[in-house]
Amino acid sequence: MEILVINGPNLNMLGKREPEIYGSLTLSEIESFLSSKIDSLGGDVVLSFFQSNSEGEIVTAIQDAYGKFDGIIINPGAYTHTSVAIRDAILSTGMPVVEVHISNIYKREDFRQKSFVSGVSLGVVSGFRAHSYYLGLLGLVEHLRKESVSS
């Protein structure tokens, strides 16, 4: 089972950017952490990682994932709250997507509490820092395994 992990704008600045909110881990360290958990999932999971500060590149990555990946974990960053294009790209693929956030977006500013992505996602995990990615991965893998059994 192949899963694409997409990270949006400013997530390349993790470890430097507001550590009191986002923690001290870099994006590379979060990717390594997530990769280290693959064996605990049964070994049949392959992860690929993509990060961009560009909305169009994220849309293209979602579209390109169709037919190549079984699911997507996405942290759209600030595009969570603004991007109809990312929402539409997710809808156009019909792929299962889990939205993740390092911080709890519902405890933050009002504008961060609205997500264009959550309404087209299988689930949302927020507020557990790097573990949000792992919890999202667990949920997505479980969903994909159940889906393949029922097919």
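Scroll up for the structure.
No experiment lies behind these values; they were computed from the predicted model shown.

A. Broad picture of the sheet that holds strand 4 (residues 97–101). Ordered in space as 2-1-3-4-5, the five strands form an open sheet in which the pairing is parallel. Across the chains shown, the open sheet's two edge strands, defined by having one partner strand only, are strand 2 (46–51) and strand 5 (123–126). Each strand axis lies, on average, 20° off the axis of its neighbour in the sheet, ignoring direction. When strand 3 (residues 71–75) meets strand 4, the two strands line up parallel, connected through three bridges.

B. Highlighting the nonpolar core. By size, the foremost hydrophobic cluster in this structure holds 25 residues, and its most contacted members are Ile 3, Val 45, Leu 47, Ile 73, Tyr 133 and Leu 137. If you list the elements that add at least two residues to this core, you get strand 1 (2–7), helix 2 (27–36), strand 4 and helix 5 (130–150). Among the elements that line this core, the one with the most residues is helix 5, at seven residues. Ile 3 has contacts with Val 45, Val 46, Leu 47, Ser 48, Phe 69, Gly 71, Ile 73, Leu 137, Leu 140, Val 141 and Leu 144, leaving out every residue within four places of it along the chain. Formed by 18 residues, the second largest nonpolar core is a distinct cluster that contains Ile 72, Tyr 79, Ile 90 and Val 117.

C. Just helix 5, in detail. An ideal rise of 1.5 Å per residue puts 30 Å on 21 residues; helix 5 measures up with 31 Å between its terminal C-alpha atoms. Among the residues of helix 5, those classed as buried are Ala 130, Ser 132, Tyr 133, Tyr 134, Gly 136, Leu 137, Leu 140, Val 141 and Leu 144. Buried residues along helix 5 sit in contact with strand 1, helix 2, strand 2, strand 3, strand 4 and strand 5.

D. Up close: the side chain of Ser 52. Note on placement: Ser 52 falls in the loop between strand 2 and helix 3 (55–65). Side-chain polar atoms of Ser 52 contact the side chain of Glu 57, separated by 2.6 Å. Excluding residues within four positions of it along the chain, Ser 52 makes contact with Asn 7, Gly 8, Pro 9, Glu 57 and Ile 58.

Calculation rules
- Sequence order as written defines the numbering, with residues in each chain counted from 1.
- Owing to the predicted nature of the model, reporting of local features is limited to residues with pLDDT of at least 70; listing and counting of side-chain atom pairs is limited to 80 or more, with chain, interface and lining totals taken over all residues.
- Calculated side-chain values reflect all of the structure's heavy atoms, with hydrogen atoms and water omitted.
- Two strands pair under a simple rule: DSSP has to find at least two bridges between them.
- Secondary structure elements are defined from DSSP: runs of H or I of at least 4 residues count as helices, runs of E of at least 2 residues count as strands, and each element is numbered from the N terminus.
- Each axis is a line fitted through C-alpha atoms, and for a helix only the stretch in contact is used; angles between axes span 0 to 180 degrees, taken between their N-to-C directions.
- Residues belong to one nonpolar core when they are buried, are Ala, Val, Leu, Ile, Met, Phe, Trp, Tyr or Cys, and are joined through side-chain atoms within 4.5 Å.
- Here's how the labels work: a residue is buried when its accessible area is under 20% of the maximum for its type, exposed when over 50%, partly exposed in between, all with a 1.4 Å probe on protein chains only.
- Whether two residues touch is decided by their heavy atoms; if any such pair falls within 4.5 Å, the residues are in contact.
- Any helix carries an expected span of 1.5 Å times its number of residues minus one.
- Under this definition, polar contacts are N or O atom pairs within 3.5 Å; protein pairs additionally need one hydrogen-donor-capable and one acceptor-capable atom, and for neighbouring residues in sequence, both atoms have to be side-chain atoms.

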